[in-house]
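Fold and geometry: a report
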Amino acid sequence: MTVQSISSFISRLTVSLLLLVVGVESSQAQKIFRMEKDSIAFFRGFALSFDLVGPAKLMLSDRGEYEGALRINLHDQWFPVFELGIGRANHEEDEVTGLTYKTTAPYFRLGMDWNIMKKKHEPYRIYAGFRYAYTNYKCDVLRKNLEDPVWKTKSDFGSEDISCYQHWLEAVFGIDASIYGPFHLGWTVRYKRRLFHEEGDIGNSWYVPGFGINDRDNLCVNFNVIIDI
């Protein structure tokens, strides 16, 4: 099987699955997003990108991330992706629990995007993809001025350097467009689903680096500055 036939098969399969969700039949999907046959080189370079939403959250709230990505361009159709970031949280005296929660840790994601446009060599792209993600982090959980129910004295209670980890998957949908020369802007919507996790003995983590507010699933948006190289 040739590279072009593999490309055609994966593209049709991805498009069909995506458009079935919104009620479009497979035959219609192939007409809308039919891939071109051409002689463009298989390796088309790579791109570096930086997310702007995470740093904005750090400036405006008590949590956020610094995140960058390396994406390889294969025939303007397949895009293997490696993402690396650092997540931080400093959540003081939660309104419900009264707990203070702190953590700073790296995380990474590895996955693939597929360009689902009919004309895949245009300076803009619509793509769908997935990520496998993992973080190993330590957190501090503290309850200040906890009152003893018997003696009525107050003291701080909690633990530091609690070892935690989490694996999760992400479904990704995104758009990027050329702005000037090698510079692109793009955004992605991500649905995150937790797989395996360990959060120590003191209770659930409030925030997981790279994942966000701790839950079984999560939804987020990234806005990226992209440089083609």
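If you're wondering where the values come from, they're calculated on a predicted model, not measured in any experiment.

**What about the environment of Trp187?**
- Looking at the secondary structure, you find Trp187 in strand β7 (residues 183–198).
- Taking relative accessible area as the criterion, Trp187 reaches 33% and is therefore assigned partly exposed.
- Trp187 sits 37 residues away from Asn224 along the chain, and the two C-alpha atoms are 5.9 Å apart.
- Those residues within four positions of Trp187 in sequence are excluded, and the remaining contacts are Tyr127, Phe173, Gly174, Ile175, Asn222 and Phe223.

**What about a nonpolar patch on the surface?**
- There is a patch of nonpolar side chains on the surface, built from Phe42, Phe43, Phe46, Leu48, Phe50, Leu70, Ile72, Phe82, Leu84, Leu110 and Ile229 and spanning about 970 Å² of accessible area.
- The element contributing the most residues to the nonpolar patch is strand β1 (residues 43–51), with four residues.
- Mapped onto the secondary structure, Ile72 falls in strand β2 (residues 63–74).

**Concerning the pattern of salt bridges**
- All told, the structure shown has 16 salt bridges when counted by the stated rule.
- Its salt-bridge partner being Glu170, residue Arg109 comes within 2.7 Å of it at the nearest N-O pair. Here Arg109 is found in strand β4 (residues 99–115), whereas its partner Glu170 is found in strand β6 (residues 154–180), with 61 residues between them in sequence.
- We classify Glu170 as buried; its relative accessible area is 2%.
- For Arg125, the salt bridge is made with Asp176, and the minimal N-O distance between the two is 3.7 Å.

**A short note on the pairing of β2**
- Alignment of β1 against β2, held across six bridges, turns out to be antiparallel. Bridge pairing links Ser49 to Ala69 in β2.
- Bridge analysis of β2 against strand β3 (residues 78–91) gives ten bridges, and the strand direction is antiparallel. Each residue of the ladder has a partner; that of Glu65, found in β3, is Gly87.
- Connecting β2 to the antiparallel partner β3 that follows it, the hairpin turn spans three residues, and His75 within it adopts a positive phi of roughly 65 degrees.

**Notes on the pairing of β3**
- Across 14 bridges, β3 lies against β4 in antiparallel orientation. Across the sheet, Asn90 pairs through a bridge with Lys102, a residue of β4.

**Some words on the nonpolar core**
- Judged by nonpolar contacts, the single largest core of 13 residues is most densely connected at Tyr101, Tyr137, Cys139, Val141, Ile162 and Cys164.
- Within the residue set of this core, elements represented by two or more residues are β4, β5 (124–147), β6 and β8 (207–208).
- Broken down by element, this core gets its largest block of residues, four residues, from β5.
- Not counting residues within four places of it along the chain, the set of residues in contact with Cys139 comprises Tyr101, Lys102, Thr103, Ser159, Glu160, Asp161, Ile162, Cys164 and Ser205.

Cut-offs and rules
- Residues numbered from 1 in each chain as written.
- Predicted model: local features only at pLDDT ≥ 70, side-chain atom pairs only at ≥ 80, totals over all residues.
- Heavy atoms only, no water.
- Helix = DSSP H or I, 4+ residues; strand = E, 2+ residues; numbered from the N terminus.
- Buried < 20%, exposed > 50% of the residue type's maximum accessible area, 1.4 Å probe, protein only.
- Contact = heavy atoms within 4.5 Å.
- Patch = residues over 30% accessible without salt bridge, like charges linked within 9 Å, V, L, I, M, F, W, Y side chains within 5 Å.
- Areas by Shrake-Rupley, 256 points an atom, 1.4 Å probe, with all protein chains shown as cover.
- Salt bridge = Lys/Arg side-chain N within 4 Å of Asp/Glu carboxyl O.
- Pairing = 2+ DSSP bridges.
- Core = buried A, V, L, I, M, F, W, Y, C linked by side-chain atoms within 4.5 Å.

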